[in-house]
Amino acid sequence: MLDHETAHIYSVSLLTREIKTLLEDQFPFVWITGEISNCATPASGHSYFSLKDDQAMISGVMFKNQKRNLKFTLESGLKIMGLARVSVYEPRGTYQLIFEHMEPEGAGSLQKAFEQLKNKLGDEGLFDTVHKQPIPLLPQKISVITSGTGAAVRDIIHVSVRRFPECQLEIVPVAVQGESADEQIVCAIELVNQRQQSDVIILARGGGSLEDLAAFNSESVARAVFASEIPIVTGIGHETDFTIADFVADVRAPTPSAAAELTVPEKKYLKQRIDDMHQDLLSIMTRMLTFYHQKVDDLHSRLKSPVQIMTMFKQTLISLSLRMHQALQRRMFHDKDRLVWVAQALKGTVPDIVLSRKQVLDQTHRLSRAMGHCVIQKDNRIQQLAATLSALNPASVLNRGYSIARTLPDKKVILDARTVNIQDPIEIILAQGRVLTRVEKTIHGKDHI
Amino acid sequence: MAKTTFETALKQLESIVKEMESGDLALEQTLKKYETGIEKVRYCMEILDSTEKKITQLTRDLDGSIKETPFDHE
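**Student:** Run through the packing of helix 5 (residues 181–195) of chain A against helix 6 (residues 219–227) of chain A, naming residues and quoting values.
**Tutor:** Relative orientation and spacing of two packed helices are given, respectively, by the angle between their axes and the distance between those axes. Residues and elements named next belong to chain A. In contact at an axis separation of 9 Å, helix 5 and helix 6 are set at 10 degrees when each is read in the N-to-C sense. On the basis of the axis angle, helix 5 is roughly parallel to helix 6. Judged by residue contacts, Asp 182, Ile 185, Val 186 and Ile 189 of helix 5 engage Ser 220, Val 221, Ala 224 and Val 225 from helix 6. Partitioning the contact of helix 5 with helix 6 into residue classes produces 6 nonpolar, 1 polar and 1 charged.

This is the structure:
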């Protein structure tokens, strides 16, 4: 009878969970190899399949995300090697492998070997850039290690001759695939190094599968490339192919033709470059010489001899004296003008004494003449007047028998008879004495004698 | 070796041209540089023109002797 008290009874889920924990802890990641069968990829994009070998089978799944990195398609019958973790799907009590990474088994081992060797040599420092040697700009002689037949060697010769028609190429024919390929390549590299005639080595091969390129992924070739004192340019396979030799080489070219392009300089371009610099040299030199020529010429022209200086002073002197002379002349003319002007002005204001004296004399003459004339005239007049006066003298009239009658006492001369009355006393003045009388009669009117 | 000399000569030529272009040199120095430059030009051109086209094949026989023969690539 089961003792319910003491016995440990699992629930289904608990047991499943413990199994899950156990499995997942024990096999977190495993490398596993097997053949795929019953492969199905539903709409979800995840792939479900069984992985089996002769005696056993496990369910497997690879999710969409991880499938992205696959370089092949999952299909039944394919032998694969992959990295997976073991997981229990609790709802159904099944366990399965969840794949993280997977590759076809054959290629996988090669690839793995490749990665391992690459890591190993990388760790040793064979790929380090410090070991890379520069490719000479103009190699005198180039050794080409490749198959003596095939496209690679022709491509290299073609490209090289095109770029530099007079190039020197030394073909070292080797097998590039098969059993002894790596050995032959190593020997060739060593041979070229022994002879020390070449400046650079081209190691080349046309495209091929990973297996075909095996020799170039071999450790011996890698070490020979590394050991070569002559720089090596690789041109192996197609652009996407990378071999161990490529990593070790001093320069890696994607193809044989490209290797030739990198190694052989273009003669036309080199010549052009040198020509250009030659022209530069000439033009710089010419420019400089012209410049100094002009400078010397200029300085020479500015360098004066004493004669020149004397001449210059002489000219200055002449010029100055001329100017002085002219200035003086101008000044004199000016002053002369001024003098004339002032003299004239002076002449205009000073009185003419001679003239004035003459005038005074003239006037005096005229005055005295006029005076004499006037005196004579007046004398004549006086005599005339005296004659007239004597004629008019009453005494003389009286002498000629005339008399003057005057009233008395008024003594008024009687000119009209009507002014006197009869018996009025009158006085009659005679030439000798006077008669006093009386008026007897008056006769009026004019009564001539 | 000729190859390094060519490369060196080319580099020297370049630096001479650069130096002369800078215009910092005195006339005597420039003249000297110019002479050297022209020498380098001549030297480089000579090397470029002196080489002859030669394509050979290098092989080693079974007995270990090395043979250099013309390579027929046509």
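**Student:** Outline unusual backbone geometry, listing residues and values.
**Tutor:** Residues and elements named next belong to chain A. For the bond running from Leu 408 to Pro 409, omega is 15 degrees, close enough to zero to count as cis. In this fold, Pro 409 is placed in the loop between strand 11 (404–407) and strand 12 (425–429). The phi angle at Asn 38 is positive, at roughly 50 degrees, despite the residue not being glycine. Mapped onto the elements of the fold, Asn 38 is located in strand 1 (residues 30–40). One non-glycine residue with positive phi stands out, namely Lys 411, at about 60 degrees. Checked against the element boundaries, Lys 411 lands in the loop between strand 11 and strand 12.

**Student:** Can you break down the pairing of strand 1 of chain A residue by residue, with the values?
**Tutor:** All names here are of chain A. As paired strands, strand 1 and strand 4 (residues 79–89) are joined by 6 bridges and run antiparallel to one another. Among the inter-strand pairings, Gly 34 is bridged to a residue of strand 4, identified as Ile 80. Strand direction decides the pairing type here: strand 1 and strand 2 (residues 47–52), joined by 4 bridges, are antiparallel. Across the sheet, Glu 35 pairs through a bridge with Lys 52, a residue of strand 2. Between strand 1 and strand 2, which pair antiparallel in sequence order, lie 6 residues; one of them, Gly 45, sits at a positive phi of approximately 95 degrees.

**Student:** Describe empty space enclosed by the protein, listing the residues and the values that go with them.
**Tutor:** Considering all chains together, one arrives at 2 cavities of 30 Å³ or more under this definition. Within this model, the largest cavity holds a volume of roughly 80 Å³. Partitioned by chemical class, the residues of the lining of the largest cavity number 7 nonpolar, 3 polar and 1 charged. Lining the second largest cavity are Lys141(A), Gln168(A), Leu169(A), Lys54(B), Thr56(B) and Glu68(B). Looking at the lining of the second largest cavity, the elements with two or more residues in it are strand 7 (168–173) of chain A together with strand 1 (54–60) of chain B. Residue classes in the lining of the second largest cavity are distributed as 1 nonpolar, 2 polar and 3 charged.

**Student:** Can you break down the sheet that holds strand 2 (residues 66–70) of chain B residue by residue, with the values?
**Tutor:** Across the sheet, which stays open at both edges, the 7 strands sit in the order 10(A)-9(A)-8(A)-6(A)-7(A)-1(B)-2(B) with mixed pairing between neighbours. Each end of this open sheet is capped by a strand with a single partner; those strands are strand 10 (251–253) of chain A together with strand 2 of chain B. Taken over all neighbouring pairs, the strand axes of this sheet differ in orientation by 25 degrees on average, direction set aside. For strand 1 of chain B and strand 2 of chain B, the ladder comprises 5 bridges, and the chain directions are antiparallel. Within strand 2 of chain B, the position partnered with Gln57(B) by the bridge is Thr69(B). Contacting strand 6 (142–146), strand 7, strand 8 (200–205) and strand 9 (232–236) of chain A together with strand 1 and strand 2 of chain B, helix 5 of chain A crosses the sheet at an angle of about 115 degrees to strand 1 of chain B. Running at roughly 165 degrees to strand 8 of chain A, helix 8 (residues 256–263) of chain A makes contact with strand 6, strand 8, strand 9 and strand 10 of chain A of the sheet.

**Student:** Summarise the packing of aromatic side chains; cite the residues concerned and give the values.
**Tutor:** Residue and element names in this part refer to chain A. Overall, the coordinates contain 4 aromatic pairs over all chains when judged by the stated rule. Seen from their ring centres, Phe 127 and Phe 247 are 5.3 Å apart, and the 35 degrees between their planes marks the pair as tilted. Of this pair, Phe 127 sits in the loop between helix 3 (105–124) and strand 6 while Phe 247 sits in helix 7 (residues 244–248), and the two are 120 residues apart along the sequence. Geometrically, the ring pair formed by Phe 242 and Phe 247 is stacked, given 5.5 Å between the ring centres and 25 degrees between the ring planes.

**Student:** Summarise the pattern of salt bridges; cite the residues concerned and give the values.
**Tutor:** Per the counting criterion, the structure on display carries 24 salt bridges over all chains. With a closest N to O distance of 3.1 Å, Lys120(A) and Glu219(A) form a salt bridge. Taken together, the residues span a long stretch of sequence, with Lys120(A) in helix 3 and Glu219(A) in helix 6 at a distance of 99 residues. Relative accessible area serves as the criterion here: at 27%, Glu219(A) is assigned to the partly exposed category. The partner of Glu19(B) in a salt bridge is Lys33(B), with the nearest N and O atoms 3.3 Å apart. Separated by 14 residues along the polypeptide, Glu19(B) in helix 1 (residues 2–22) and Lys33(B) in helix 2 (residues 27–50) bring together distant segments of the chain. Overall, Glu19(B) belongs to the partly exposed group, its relative accessible area being 31%. A network of salt bridges, in which partner residues are shared, links Arg17(A), Lys20(A), Glu24(A) and Glu90(A).

**Student:** Give me the lowdown on the side chain of Lys40(B), citing residues and values where you can.
**Tutor:** All names here are of chain B. Looking at the secondary structure, you find Lys 40 in helix 2. Within the buried core, Lys 40 has no salt-bridge partner, and the shortest N-O distance to an opposite charge, that of Glu 39, equals 5.5 Å. Look past the residues within four positions of Lys 40 in its chain and what remains in contact with it is Ala 9, Gln 12 and Leu 13.

**Student:** I'd like to hear about the sheet that holds strand 11 of chain A, residue by residue, with values.
**Tutor:** All names here are of chain A. Pairing is antiparallel in the open sheet, where 3 strands are placed in the order 11-12-13. Strands with a single pairing partner mark the edges of an open sheet, and in this sheet they are strand 11 and strand 13 (434–438). Going across the sheet, the axis of each strand differs from the next one's by a mean of 25 degrees, ignoring polarity. Sheet topology note: the strand 11/strand 12 ladder contains 4 bridges and is antiparallel. Bridging across to strand 12, Arg 406 finds its partner in Glu 427.

Rules and cut-offs
- Residues numbered from 1 in each chain as written.
- Chains lettered and ligands numbered in written order.
- Predicted model: local features only at pLDDT ≥ 70, side-chain atom pairs only at ≥ 80, totals over all residues.
- Heavy atoms only, no water.
- Axes fitted to C-alpha atoms, helices over the stretch in contact; angles between N-to-C directions.
- Helix = DSSP H or I, 4+ residues; strand = E, 2+ residues; numbered from the N terminus.
- Parallel < 35°, antiparallel > 145°, perpendicular 65-115°, else oblique.
- Contact = heavy atoms within 4.5 Å.
- Nonpolar A, V, L, I, M, F, W, Y, C, P; charged D, E, K, R; others polar.
- Pairing = 2+ DSSP bridges.
- 1 Å grid on protein atoms, 1.4 Å probe; cavity = no way out; pocket = protein on both sides within 12 Å on 5 of 7 lines; lining within 4 Å.
- Points joined across faces, edges and corners; volume = space filled by probe spheres on them.
- Phe/Tyr/Trp six-rings, centres within 6.5 Å; stacked < 30°, edge-to-face > 60°.
- Salt bridge = Lys/Arg side-chain N within 4 Å of Asp/Glu carboxyl O.
- Buried < 20%, exposed > 50% of the residue type's maximum accessible area, 1.4 Å probe, protein only.
- Lys, Arg positive; Asp, Glu negative; His and termini not counted.

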